[in-house]
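Structural features, examined
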Amino acid sequence: VWGNPVTTQKMIDEVKNAGFETIRIPITWRGHVTVAEDGSITVSEVWLNRVKEVVDYAVNNDMYIIINTHHDIDPENGYYPSTENYERSEAYLSAIWTAMAETFKDYDERLIFESLNEPRMTESTYEWNFQAGAPECQDAAECINRLNQTFVDIVRASGGNNAQRYLMLPGYDASLDGAMTDLYRLPTDTAENKLIVSVHAYTPYNFALQSPQESGSTDTFSIDASASTKDIDYLMNSLYKKYVSQGIPVVIGEFGAREKNFNLQDRLDYYVYYISSARARGISCLVWDNNAFSGTGENFGLFRRSVGTWLYPEIIEAIMKYA
C-alpha cells in the first residue's frame, strides 16, 4: 500500500523492540468490498484474512492495536458524510464493521476499533476547513455522529469481547475543531467508559505538516519560543479541559513533523515538547510514519521497512524517554 513493502512479522517485531507498545494499522477497504445489483455488500474474505494476519503480528508482540477504515471516503465507491449519500454510506460501513466485529470478537481488550479516519467532505471548500456555522458542515457533522452511532451499535451487538471493547470515534476531519464543536457528540453505549475521542494534530501546521515549498512554512522549532509552542499548548489544554478532565479519554492517533532541510534538532525539540505536553495531560499519541524519506512529499518516515532499521534513532529515543 502507498508503494510500501509488504508488512511482515519481522517489521512489527522491530517496532516493538524499539519500545512502542501500541500500533495503529490503517486499513483501506475500497477494492475489497463488492456491491451486488440487489444492493447486498460483500467484504473480501481474502482481505479480512490478511488484516487478521497483520493484527496477529502485533498480538504476538503483546501490543495494543488500533484498526480502522482508512481511505474509504468516496461518494461513489465508499462513504461520504452528507445526507445525500448517507444511506449508501451507512450500508457500506455497516458491512465492513459487521465483518470486522465477527472476525475479531474473541480478541482481548488490547485490540481497539476506530470507526473512521478523518471523515470529511473531500474536494470541497470545507475539506480541511471545518466551519461550525456552515450548513454543509453541520450536515456532515451530524452524518458522522450517526455513522459513529451505527458503528458502536454493530460492534456491541456482535458479542464476545466486543461488548466491552474500547472504541475510538473522530469528529469532522478527526481535527481539533471537529472534536471541540458542540456539533460533535459521542454515541450512546451499552458499555461504560469505553469510548475514546480520536484526534489527529500535526501542530503547529507551518512546522509539522506544511510543505517547505509553500509560503509560511518553517523548519525551525524552539521549546523556549511561544511562536513554536502556543499551538501545541492550545491543542492539549483544549482536549484536557473538554474531555480528559471529565473522565473521557483522548488518543491523538496521528502526529509528527516531516523532515525539512535536515532539521533533526528542531524535530527532536518538537517531539519532546509535544509528547511531554500530551502525557502531562493524560493524553496518548501515536507518531505517523508513512515510510517516506526523500523527495518533495510528506517525509514522515522513521523506520526503513525494506531493511528494518530506524533512520532517526535520536527521535525514537526522545519519543520513548518522554512518553
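Up top you'll find the structure we're talking about.
Nothing here was measured: the structure is a model prediction, and the numbers come from that model.

**So, the sheet that holds strand β7 (residues 195-200)**
Strand-to-strand pairing in sheets goes through backbone hydrogen bonds, with the strands running parallel or antiparallel. What the 7 strands build is an open sheet, ordered β1-β4-β5-β6-β7-β8-β9; its pairing is parallel. In the strand order of this sheet, the two ends are held by β1 (22-25) and β9 (284-287), each with one partner. Along the sheet, successive strands turn relative to each other by an average axial angle of 25°, direction set aside. Those strands touched by helix α3 (residues 86-104) are β4 (64-68) and β5 (111-114), and its axis lies near 175° from that of β5.

**Structural notes on the pairing of β5**
Burial of β5 is two-sided: the residues L111 and F113 facing one way and the residues I112 and E114 facing the other way are all buried. Between the parallel elements β4 and β5, the chain passes through α3 in a crossover that is right-handed. As defined by bridge partners, β5 adjoins strand β6 (residues 167-170) across 2 bridges and the pair is classed as parallel. Note on β6: the bridge partner recorded for F113 is L167.

**Considerations on the packing of aromatic side chains**
Applying the stated criterion across every chain, the model contains 16 aromatic pairs. Ring-pair connections join several aromatic residues into one group, and the members of that group are F207, F221, F255, Y270, Y271, Y273 and Y274. Its guanidinium or amino end placed over the ring of Y312, R267 lies 4.7 Å from that ring's centre, counting from NZ or CZ.

**As for helix α8 (residues 264-280)**
Taking 1.5 Å per residue, 17 residues should reach 24 Å; α8 reaches 24 Å between its end C-alpha atoms and fits that length. Listed in full, the buried residues belonging to α8 are D266, R267, L268, Y270, Y271, V272, Y273, Y274, I275, S277 and A278. On its buried face, α8 sits against α6 (205-208), α7 (226-242), β8 (250-255), β9 and α9 (313-322). In the stretch just after α8, G282 is the one whose phi turns positive, near 75°.

**Things to note about unusual backbone geometry**
The omega angle of the peptide bond from T203 to P204 is -5°, so this bond is cis rather than trans. Position of P204 among the secondary structure elements: in the loop between β7 and α6. Positive phi values are uncommon outside glycine, yet E123 reaches one of about 55°. Considering the arrangement of structural elements, one finds E123 in the loop between β5 and α4 (135-157). For E123, a relative accessible area of 79% puts it in the exposed group.

**Examining the side chain of S94**
Following the sequence through the fold, S94 ends up in helix α3. For S94, a relative accessible area of 18% puts it in the buried group. Dropping the residues within four chain positions of it, S94 is found in contact with T150 and I154.

**A look at empty space enclosed by the protein**
For the structure shown, the criterion picks out 1 cavity of 30 Å³ or more. Of the volumes computed, that of the largest cavity is approximately 50 Å³. Along the walls of the largest cavity sit L93, S94, W97, S115, L116, L147, T150, F151 and I154, which together make up its complete lining. Broken down by secondary-structure element, the contributors of at least two residues to the lining of the largest cavity are α3 and α4. It is α4 that contributes the most residues to the lining of the largest cavity, 4 residues altogether. Its residues assigned to classes, the lining of the largest cavity comprises 6 nonpolar, 3 polar and no charged.

Reading the values: the criteria
- Residues numbered from 1 in each chain as written.
- Predicted model: local features only at pLDDT ≥ 70, side-chain atom pairs only at ≥ 80, totals over all residues.
- Heavy atoms only, no water.
- Pairing = 2+ DSSP bridges.
- Helix = DSSP H or I, 4+ residues; strand = E, 2+ residues; numbered from the N terminus.
- Axes fitted to C-alpha atoms, helices over the stretch in contact; angles between N-to-C directions.
- Contact = heavy atoms within 4.5 Å.
- Buried < 20%, exposed > 50% of the residue type's maximum accessible area, 1.4 Å probe, protein only.
- Right-handed = clockwise from strand over helix to strand, strands pointing away.
- Phe/Tyr/Trp six-rings, centres within 6.5 Å; stacked < 30°, edge-to-face > 60°.
- Lys NZ or Arg CZ within 6 Å of the ring centre and 35° of its normal.
- Expected span 1.5 Å × (residues − 1).
- 1 Å grid on protein atoms, 1.4 Å probe; cavity = no way out; pocket = protein on both sides within 12 Å on 5 of 7 lines; lining within 4 Å.
- Points joined across faces, edges and corners; volume = space filled by probe spheres on them.
- Nonpolar A, V, L, I, M, F, W, Y, C, P; charged D, E, K, R; others polar.

This is a description of form; function is not addressed.
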